[in-house]
Amino acid sequence: MGWLTSHLARVVQRTLVVNFSERAQYWVGGLGVIIHELGHLVFALLFMHRIGSFKLLNLSGNRDGSLGSVASNYNPRNWYQALGNFFIGLAPMFSGIFVLTLLIQFLCHPDYTPVGAPEFINQQQPLISYAQFAWQTAQTWLGETVTAVLTSSWWQQVLLLLLIGTISTTTFSLSTADLKSSWQGAKVYLFLVIVLSIVITGVKLVKPNFGNSLDQFVLLTGIVWLVLLILICICLLISWLELMVIALPLRLFKSR
């Protein structure tokens, strides 16, 4: 998911630079850069990393071409801090969607349907049943979001689309260093998942009701990740379309 987000976001950012300029990343995507770096900074603090320096928006430009930066150190012997690398590397995905979700909530006021446990949970049903339920729930949430946007006033729709377009040009652009950091933390994350799975399997044998609640939580987590991926792709598509629409008359003008 991080790799896909990074790839799509780089396409959008490259479209911005090619059709406008390097500086356009600041005056179009400056807000997105700040949200991107704030994501890194907040998660670094949550996982108790030592912050060396940070620049939410580096207008003077770095030698490596980065628009902003967060430099942090951690103790590799501390499993909690090592685990933090996984989330710190992917943090812009969370911070970007968090801000855009707040904008949608503030401007359009969607009313989401609560998710209850399906009847078949923990009844030896095939995996496809869980996947279908997750997809149907994701469709319901996305449909309710679209309905809220379409029923809002025209100025709210325009403002929301403009903000989504500008924020998405740079927020979701995960660098190679971001993905590398996340991969380092993924090793600890995977180890903890295996250990917890073994422990929880033993607990479920003793307390089946706890198993039902846990299965519901895992299913809900999967749904949230699915919705998160779809929303990021939609936001990046909106951003790319807006850039292409704005760039088209500029190209025609230059050709003349």
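Residues numbered from 1 in each chain as written. Predicted model: local features only at pLDDT ≥ 70, side-chain atom pairs only at ≥ 80, totals over all residues. Heavy atoms only, no water.

1. A word on the overall build of the chain
Scanning the chain from terminus to terminus reveals 8 helices and 2 strands. Along the chain, helices (α) and strands (β) appear in the sequence α-α-α-β-β-α-α-α-α-α when read from the amino end. Burial analysis of the chain (256 residues in total) assigns 39% to the buried set. Nonlocal contacts in the chain, meaning residues at least 24 apart in sequence, comprise 77% of its contacts between residues at least 6 apart. As displayed, the chain has an accessible area near 15,300 Å², and 69% of this comes from carbon and sulfur atoms. (Helix = DSSP H or I, 4+ residues; strand = E, 2+ residues; numbered from the N terminus. Buried < 20%, exposed > 50% of the residue type's maximum accessible area, 1.4 Å probe, protein only. Contact = heavy atoms within 4.5 Å. Areas by Shrake-Rupley, 256 points an atom, 1.4 Å probe, with all protein chains shown as cover.)

2. Overview of the nonpolar core
Leu100, Leu160, Phe172 and Ile232 are the most contacted members of the largest nonpolar core, which has 29 residues in total. If you list the elements that add at least two residues to this core, you get α1 (2–19), α4 (79–108), α5 (127–150), α6 (154–168) and α8 (208–255). Of the residues forming this core, the biggest block, 9 residues, is contributed by α4. Leave out the neighbours within four places in its chain, and leucine 160 touches Leu103, Ile104, Leu107, Cys108 and Val149. (Core = buried A, V, L, I, M, F, W, Y, C linked by side-chain atoms within 4.5 Å.)

3. Observations regarding unusual backbone geometry
The backbone phi angle of methionine 48 is positive, close to 60 degrees, even though this residue is not glycine. With respect to the helices, strands and loops of the structure, methionine 48 is situated in the loop between α3 (30–46) and β1 (50–55). By relative accessible area, methionine 48 is classed as exposed at 55%.

4. Things to note about the environment of alanine 24
With respect to the helices, strands and loops of the structure, alanine 24 is situated in helix α2 (residues 24–27). On the basis of relative accessible area, alanine 24 is assigned to the buried category, the value being 0%. Measuring from C-alpha to C-alpha, the distance between alanine 24 and glutamine 13 comes to 9.7 Å, with 11 residues separating the pair along the chain. In this structure, alanine 24 is in contact with Leu16 and Gly29, ignoring residues within four places of it in sequence.

5. A word on helix α7 (residues 176–206)
For α7, with 31 residues, the first-to-last C-alpha span of 45 Å sits near the 45 Å given by 1.5 Å per residue. The largest bend in α7 comes to about 30 degrees, at alanine 186. Those residues of α7 that sit buried are Asp178, Ser181, Ser182, Gly185 and Ala186. Residues of α7 that are buried in the fold lie against α3 and α4. (Expected span 1.5 Å × (residues − 1). Bend = angle between axes of the 7 residues up to and from the residue.)

6. Some thoughts on the packing of aromatic side chains
Pairs of aromatic rings are described using the distance from one ring centre to the other and the angle between the two planes. Under the defined criterion, the tally for this structure stands at 9 aromatic pairs. Relative to tyrosine 189, the ring of phenylalanine 86 has its centre 4.5 Å away and its plane inclined at 10 degrees; by these criteria the two rings are stacked. One end of the pair, phenylalanine 86, is in helix α4; the other, tyrosine 189, is in helix α7, and 103 residues separate them in sequence. Tyrosine 189 gets classed as partly exposed once you look at its relative accessible area, which sits at 35%. (Phe/Tyr/Trp six-rings, centres within 6.5 Å; stacked < 30°, edge-to-face > 60°.)

7. Looking at the side chain of threonine 137
Following the sequence through the fold, threonine 137 ends up in helix α5. Excluding residues that lie within four positions of it along the chain, threonine 137 makes contacts with Val115 and Ile223.

8. Quick notes on the packing of α4 against α7
Two elements in contact, α4 and α7, have axes separated by 6 Å at closest approach and are oriented at 130 degrees. With respect to α7, the axis of α4 lies oblique. Crossing hand, α4 versus α7: left-handed. Across the interface between the two elements, Trp79, Ala82, Leu83, Asn85, Phe86, Phe87, Gly89 and Leu90 of α4 pack against Asp178, Ser181, Ser182, Gln184, Gly185, Ala186, Val188, Tyr189 and Leu192 of α7. (Axes fitted to C-alpha atoms, helices over the stretch in contact; angles between N-to-C directions. Parallel < 35°, antiparallel > 145°, perpendicular 65-115°, else oblique. Left-handed = near helix turned anticlockwise from the far one by under 90°.)

9. With respect to the environment of isoleucine 34
Assignment of secondary structure puts isoleucine 34 in helix α3. Placed 33 residues apart in sequence, isoleucine 34 and leucine 67 show a C-alpha to C-alpha distance of 9.1 Å. Residue contacts for isoleucine 34: discarding those within four places in its chain leaves Leu56 and Leu57.

10. A look at α3
When the terminal C-alpha atoms of α3 are compared, their 24 Å separation across 17 residues agrees well with the 24 Å that a helix rising 1.5 Å per residue should span. Those residues of α3 that fall on the buried side of the exposure criterion are Gly30, Gly32, Val33, Ile35, His36, Glu37, Gly39, His40, Leu41, Phe43 and Ala44. The elements touched by buried residues of α3 are α2, β1, β2 (69–73), α4, α6 and α7. Of the residues trailing α3, methionine 48 is marked for its positive phi of about 60 degrees.

11. So, the side chain of serine 6
If you trace the backbone, serine 6 turns up in helix α1. Setting aside residues up to four positions removed in sequence, serine 6 forms contacts with Phe172, Leu174 and Leu179.

Limitation: the analysis is restricted to geometry and does not speak to function.
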